[in-house]
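Single-letter residue listing:
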Amino acid sequence: MKFSVIGVLSNGARQGKLTNISRLPGVVLETPMLLFYTKGGSIPHITREVLDLLTKEQLGIQITLPSTIQCFEGAKAFGKGIAEFVGLKEMLTYCSVQDSARNTPEGYNSKEQISVWSNTGRVSVNADKYMDVIETFQPDFYQALSNGDTNSNSSKKKTQKVMDSSDKLLEKCLERHQSSSALKSVAVFGNIEGGYDIDLRKLSAQVIANKPVDGFIINGLHNNGPEVEKLDLKKVVPILKAVLKHLPKEKPRIIHGCWRPESILEMIDLGIDIFDSSLAYVVTERKSALIFQYFEIPVEECRTESFDECSAIEINLEDKSYKEDFRPILEDCTCLSCRKHSRSYIHHLIMNKELLASTLLMLHNLHHYMLFFNSIRKAASNGKKLCISY
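Quick look at the structure, then. If you're wondering where the values come from, they're calculated on a predicted model, not measured in any experiment.

Some points on the packing of helix 5 (residues 127-137) against helix 6 (residues 156-179)
At a closest axis distance of 10 Å, the pairing of helix 5 and helix 6 adopts a crossing angle of 40°. Between helix 5 and helix 6, the crossing angle belongs to the class labelled oblique. Considering the relative orientation of helix 5 and helix 6, their crossing is right-handed. On helix 6, the residues touching Ala127, Asp128, Tyr130, Met131, Asp132 and Glu135 of helix 5 are Leu169, Lys172, Cys173, Arg176 and His177.

A closer look at empty space enclosed by the protein
Taken as a whole and judged by the stated rule, the model has four cavities of 30 Å³ or more. Taken as a whole, the largest cavity holds about 280 Å³ of empty space. Forming the walls of the largest cavity are 26 residues, and the residues nearest its centre are Gln98, Gly148, Asn219, His222 and Asn224. Those elements that provide at least two residues to the lining of the largest cavity are strand 7 (114-118) and strand 11 (215-218). Classifying every residue of the lining of the largest cavity by side-chain character gives nine nonpolar, 15 polar and two charged. Size it by volume and the second largest cavity reaches roughly 110 Å³. Lining the second largest cavity are 15 residues; nearest its centre among them are Ala13, Ile268, Asp269, Ile376 and Lys385. Contributions of two or more residues to the lining of the second largest cavity are made by strand 2 (14-19), helix 9 (261-270), helix 13 (355-381) and strand 17 (384-389).

Examining the packing of aromatic side chains
Enumeration according to the criterion identifies twelve aromatic pairs in this entry. Here Phe141 and Phe189 contribute two aromatic rings whose centre-to-centre distance is 5.2 Å and whose plane-to-plane angle is 45°, an arrangement assigned as tilted. Of this pair, Phe141 sits in strand 9 (residues 141-143) while Phe189 sits in strand 10 (residues 187-192), and the two are 48 residues apart along the sequence. Across this residue pair, the class does not change: Phe141 and Phe189 are buried. Centroid distance Phe292 to Tyr294: 6.0 Å. Interplanar angle 50°. Geometry classified as tilted. Counting every residue linked through ring pairs, the aromatic cluster contains Phe275, Phe292, Tyr294, Tyr369, Phe372 and Phe373.

Focus on unusual backbone geometry
Trans is the prevailing form of peptide bonds, just as negative phi is the prevailing case for residues other than glycine. With an omega of 5°, the peptide bond running from Thr31 to Pro32 counts as cis. Position of Pro32 relative to the elements: it lies in the loop between strand 3 (29-31) and strand 4 (33-37). Its identity as a non-glycine residue notwithstanding, Lys287 has a phi of 60°, on the positive side. Relative to the assigned elements, Lys287 resides in the loop between helix 10 (278-285) and strand 14 (288-290). Exposure remark for Lys287: the relative accessible area of 24% places this residue in the partly exposed category. Even without a glycine there, the phi angle at Asp332 is positive, about 75°. Assessed through its relative accessible area of 78%, Asp332 is described here as exposed.

Brief notes about the environment of Lys353
Structurally, Lys353 can be placed in the loop between helix 12 (343-351) and helix 13. Assessed through its relative accessible area of 72%, Lys353 is described here as exposed.

Some remarks on the side chain of Thr19
Mapped onto the elements of the fold, Thr19 is located in strand 2. Beyond its immediate stretch of four places on either side in the chain, Thr19 contacts Met1, Lys2, Val27 and Val28.

What to know about the pattern of salt bridges
Using the criterion set out here, one finds 20 salt bridges in the structure. Between Arg48 and Glu90 there is a salt bridge; the shortest N-O distance is 2.4 Å. Taken together, the residues Arg48 in helix 1 (residues 48-54) and Glu90 in the loop between helix 4 (82-85) and strand 6 (92-96) connect sequence positions 42 residues apart. For Glu90, a relative accessible area of 30% puts it in the partly exposed group. Linking Glu112 and Lys172 is a salt bridge whose minimum nitrogen-to-oxygen distance equals 3.4 Å. Of this pair, Glu112 sits in the loop between strand 6 and strand 7 while Lys172 sits in helix 6; the two residues are 60 residues apart in sequence, bridging distant segments of the chain. In this structure, a network of salt bridges that share partners links the residues Asp128, Asp132, Glu135 and Arg176.

About the thresholds
Residues numbered from 1 in each chain as written. Predicted model: local features only at pLDDT ≥ 70, side-chain atom pairs only at ≥ 80, totals over all residues. Heavy atoms only, no water. Axes fitted to C-alpha atoms, helices over the stretch in contact; angles between N-to-C directions. Helix = DSSP H or I, 4+ residues; strand = E, 2+ residues; numbered from the N terminus. Parallel < 35°, antiparallel > 145°, perpendicular 65-115°, else oblique. Left-handed = near helix turned anticlockwise from the far one by under 90°. Contact = heavy atoms within 4.5 Å. 1 Å grid on protein atoms, 1.4 Å probe; cavity = no way out; pocket = protein on both sides within 12 Å on 5 of 7 lines; lining within 4 Å. Points joined across faces, edges and corners; volume = space filled by probe spheres on them. Nonpolar A, V, L, I, M, F, W, Y, C, P; charged D, E, K, R; others polar. Phe/Tyr/Trp six-rings, centres within 6.5 Å; stacked < 30°, edge-to-face > 60°. Buried < 20%, exposed > 50% of the residue type's maximum accessible area, 1.4 Å probe, protein only. Salt bridge = Lys/Arg side-chain N within 4 Å of Asp/Glu carboxyl O.

Structure follows, in structure tokens:
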């Protein structure tokens with residue numbers, strides 16, 4: 001897999017593309033890019049046939065270890081990789097260690113063992129076991145095993161231990177990766193650790209930048225799940241600035257988590273290339289629909305007021321106020337849910353606990369979030385950037 005930076009705006013936002021994907025010859029994916037979040041290798045609430053109604057675009061998907069580790073033996077016996085095993089063989093496939101949409105309990109990792117939380121409970125994974133999974137899954141690219149158990153409250157002592165643990169795990173993963181015939185065409189991404197300690201972050205970035213990795217993941221800013229939406233971006237920005245200036249420009253950068261859309265825009269301006277769609281899933285799970293609007297502005301124009309307020313980006317259709325609201329979720333939205341159904345009907349489905357409610361909400365939320373990223377790339381092509389409108 002090859003990453004090329006095809007443009008950098010004056011504010012630092014990067015336009016890039018992923019090409020030379022061994023398993024998907026001829027496929028080109030542009031960045032900033034959205035990876036579709038999956039559970040068990042499937043996009044939640046949406047069958048493959050429904051996904052085809054959502055979009056015909058070439059997609060990338062995020063396969064999370066907690067939701068797929070239980071199918072390891074089945075995938076191994078199948079022998080054709082995780083993408084084909086889950087019926088999405090034409091999609092770019094990325095494997096991550098933890099589940100972006102689900103809180104990862106703190107304090108369960110050791111020096112060599114990382115805990116992942118499947119539907120049947122905690123599973124301890126060391127580097128050898130993890131690489132067994134990766135060799136079986138054969139994704140197009142994957143996150144090296146990492147500790148990552150830090151957040152804004154972590155002490156420097158704990159943060160240092162997490163960073164040391166992750167560095168040793170990376171060495172073991174790279175050793176297996178380089179000797180594996182099954183992973184010759186698979187890209188491996190290293191983890192930048194260090195919590196919220198700028199000095200440790202710089203050190204981690206400098207060390208990992210010199211490793212034989214194909215890209216980088218800014219890890220350990222949070223413990224995943226809906227709490228990511230509440231993170232103070234003013235604390236995150238200095239960390240990203242400190243890290244990114246030490247990373248080579250020709251390799252892609254990933255950040256996980258269900259970040260608010262204005263946070264996504266800010267991180268793109270700083271030089272992050274790849275995100276996941278866990279926000280769309282989290283919003284769906286609370287019976288809500290994304291409604292945020294955005295517009296293009298000149299790159300030089302600064303709009304930061306939205307970072308200082310807790311603005312609504314969604315509506316909760318479980319609320320009784322939507323009982324007789326016959327408008328679509330969002331005016332002018334072209335998704336199937338908005339073209340065919342009303343807020344009132346979806347409210348009815350929610351109140352009657354019908355599974356279709358989650359399907360219609362997920363369709364809309366993914367459609368809205370996907371168009372958001374399409375608009376980000378289009379704005380960049382026009383030499384502009386997006387701003388969220390409330």
